[in-house]
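Here are the chains, one letter per residue:
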Amino acid sequence: MFKKSLLAATVSVIGCLNAQADSFTERVDTTFQYIIEDDEPGCSVGVIESGEWIFQAAYGLASLELQVPMTPQNVHNLASVSKQFTAMAVHLLADEGKIDLNEDIRTYLPALMDYGEPVTINAMLGHVSGMANYSDYEYWISQPGGDALELRSVGGGPFQFDDVHYLSTSDLYGYFQDVPLRYSPDEQFHYSNVAYFLFSMLVEEVTGQTLADYAHQTIFQPLGMSDTVFLDSPYPIIENRVTGYVKYRERYVREDINQPWVGDGNLYTSIDDMLTWDRHFYDPQLGTDPESLIEGFNQPNSSILYNDSLYANGQFVTERFEQPVYSHDGWHAGSKTYYERYPESEFSIVILCNDASRDPTAFARFISQYYFDPDL
């Protein structure tokens, strides 16, 4: 109730401020100047129309410690917005004939436990595989025989899949080989970071390359996305990378902890590279038949709804302003991100924030409202 009241109050105040704004870009700029102070973590913001920026700006600080202002060139952790890039890598494997999207994942990853029924790659892409999520950990260990799945922290206490406790990629893979399904496949939507992590193992198994290397070779390099990388090591230096924060008891604390695994997240990029990514949906360049590949990529993986949305390879698909919209948000380690695309209007919004207290999805609602229904 409090959050709804706060949002309503924010909408009201911004509405008053924007009454004096003469253009779409002025309204967007006024909104972010009101929401984000110059001395706190902020956001890189981009609005795209027909493959070009119609608004690009940054607000707040990329680093509180160094007092470095945010810029549109800063590199952010996309968190779960990364999933559509992982899904594209999987589709490219299929395009190369290395995998079949309708085949059981155990055909390619035989080390996984026998689930008792086929779990297709396509079902995993659409979160209808029945695979568990990290947040299901308490459920796994509460089941009969689940004590065999219980992990302990280094200090001997309970292990949590969060920003404090980590396993190596190989340890994590070894662990998930024995984790049973949460639900039967193709019966309901259940968001699964586990499934998308396993895609990184799939890429390694069939190509001999890491997902980071394969995606660089087949996606980022061909498209010219020079700021983009799957970070599968906590050590590399990334130029212009922001520091992640979260507000805790009215004070900001750092939350930019790196994890060593990828697939479900941990892709770093800038809004400039997101413009390049957005363009490829209208002028596809990847695969042996780019038009066919992107058409298949945009098709929902199943007809199972989740909150009135379908899911298509790392993209929620629903309708707003009487047209389809593809979108996804992300939240991890001091990052909050959002990307949405209206293909009929060739209009997109990218918001990348280094403050996990932000709500870029709500920010995007303001922007799309200004664009499609400016008189409201």
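Placed above this text is the structure.
Criteria and thresholds
Each chain carries its own residue numbering, running from 1 in the direction its sequence is written. At least 70 in pLDDT is required for a residue's local features to be given in this predicted model, at least 80 for side-chain atom pairs to be given and counted, and no such filter applies to totals for whole chains, interfaces and linings, which use all residues. Excluded from the side-chain calculations are hydrogens and water; all other atoms, namely the structure's heavy atoms, are used. Note on exposure labels: buried denotes an accessible area under 20% of the residue type's maximum, exposed denotes more than 50%, and partly exposed covers the range between, all computed with a 1.4 Å probe on protein chains only. In DSSP terms, a helix is any run of H or I states spanning at least four residues, a strand is any run of E spanning at least two, and both are numbered starting from the N terminus. Throughout, the arc means that of the directions going from the helix axis to the C-beta atoms. Contacts between residues were defined by any pair of non-hydrogen atoms, one from each residue, lying within 4.5 Å. Centres within 6.5 Å make a pair out of two Phe, Tyr or Trp rings, where for Trp the six-membered ring is used; the pair is then stacked when the planes are under 30 degrees apart, edge-to-face when over 60, and tilted otherwise. Note on criteria: charge over ring means Lys NZ or Arg CZ within 6 Å of the ring centre, with the direction from the centre no more than 35 degrees off the ring normal. An expected span of 1.5 Å times one less than the residue number is assigned to each helix. Two distance rules govern patches: like charges are joined within 9 Å, and nonpolar side chains (Val, Leu, Ile, Met, Phe, Trp, Tyr) within 5 Å, applied only to residues with over 30% relative accessible area and no salt bridge. Surface accessibility follows the Shrake-Rupley procedure with a 1.4 Å probe radius. Residue values consider only the protein chains on display as shielding. A pairing counts as a salt bridge when a side-chain nitrogen of Lys or Arg comes within 4 Å of a carboxyl oxygen of Asp or Glu. Counted as positive: Lys and Arg. Counted as negative: Asp and Glu. His and the chain ends are not counted at all. For charged residues, the charge sits on one atom: NZ in Lys, CZ in Arg, CG in Asp, CD in Glu. Any pair of N or O atoms that falls within 3.5 Å is considered a polar contact. Within protein, one atom must be able to donate a hydrogen and the other to accept it, and sequence-neighbouring residues count only if both atoms are side-chain atoms. In the cavity and pocket records, a cavity denotes points on a 1 Å grid over the protein atoms alone where a 1.4 Å probe fits but cannot get out, a pocket denotes an open set with protein on both sides within 12 Å along at least 5 of 7 lines, and lining residues are residues with an atom within 4 Å of a point. Grid points are joined across faces, edges and corners, and a volume is the space filled by probe spheres set on the points. Following the grouping adopted for this structure description, the nonpolar residues are Ala, Val, Leu, Ile, Met, Phe, Trp, Tyr, Cys and Pro, the charged ones are Asp, Glu, Lys and Arg, and the polar ones are all others, Gly among them.

Caption draft 1: Focus on helix H10 (residues 290-297). Every buried residue of H10 is listed here: Leu293, Ile294 and Phe297. End-on view of H10: buried residues confined to an arc of 90°, all on one side of the axis. Opposite its buried face, H10 presents the exposed residues Glu291 and Glu295, each directed more than 90 degrees away. Elements in contact with the buried residues of H10: helix H3 (83-95).

Caption draft 2: Broad picture of the packing of aromatic side chains. The final tally for this structure, using the stated rule, is 25 aromatic pairs. Taken together, a centroid distance of 6.2 Å and an interplanar angle of 35° make the contact between Tyr306 and Phe316 tilted. Linking Tyr306 in the loop between H10 and strand E10 (310-311) with Phe316 in strand E11 (residues 316-320), this pair joins segments that are 10 residues apart in sequence. A relative accessible area of 38% means that Tyr306 is categorised as partly exposed. For Phe316, a relative accessible area of 16% gives the class buried. A cation over a ring is seen here: Arg241 above Tyr268, with NZ or CZ 5.3 Å from the ring centre. In this arrangement the basic side chain of Arg341 is found over the ring face of Phe281, its NZ or CZ atom lying 3.6 Å from the centre.

Caption draft 3: Here's a closer look at H3. Relative to the 18 Å expected for 13 residues at 1.5 Å per residue, H3 spans 18 Å between its end C-alpha atoms, a close match to the ideal helical length. Of all the 13 residues making up H3, 11 are buried; the element is thus mostly covered by neighbouring parts of the structure.

Caption draft 4: Region of interest: a negative patch on the surface. A grouping of Glu204, Glu205, Asp213 and Asp232 is seen on the molecular surface, where their side chains present a negatively charged patch. You can see Asp213 is positioned in helix H8 (residues 211-223).

Caption draft 5: Molecular detail of the environment of Ser270. As for its position among the elements, Ser270 is in the loop between strand E9 (267-269) and helix H9 (271-279). A relative accessible area of 0% places Ser270 in the buried class. In this structure, the C-alpha to C-alpha distance between Ser270 and Asn240, residues 30 residues apart in sequence, is 9.1 Å. Among all residues touching Ser270, those that are not within four sequence positions of it are Pro72, Gln73, Asn74, Val75, Asp227 and Leu352. Within polar-contact distance, the side chain of Ser270 engages the side chain of Asp227 at 2.9 Å.

Caption draft 6: The arrangement of empty space enclosed by the protein in detail. Taken as a whole, this structure holds 2 cavities of 30 Å³ or more when the rule is applied. Estimated volume of the largest cavity: approximately 60 Å³. Along the walls of the largest cavity sit Tyr115, Met131, Ala132, Phe176, Val179, Pro180, Leu181, Val194 and Leu198, which together make up its complete lining. A breakdown of the residues in the lining of the largest cavity according to their chemical character gives 9 nonpolar, no polar and no charged. Of the voids in this model, the second largest cavity is the one considered here, and its volume is about 30 Å³. Along its surface, the second largest cavity is lined by Gln84, Gln315, Tyr326, Ser327, His328, Tyr339, Glu340 and Arg341.

Caption draft 7: Main features of unusual backbone geometry. Phi is positive for His127, close to 60°, though the residue is something other than glycine. With respect to the secondary-structure elements, His127 resides in the loop between helix H4 (121-125) and helix H5 (137-142). With a relative accessible area of 0%, His127 lands in the buried category.

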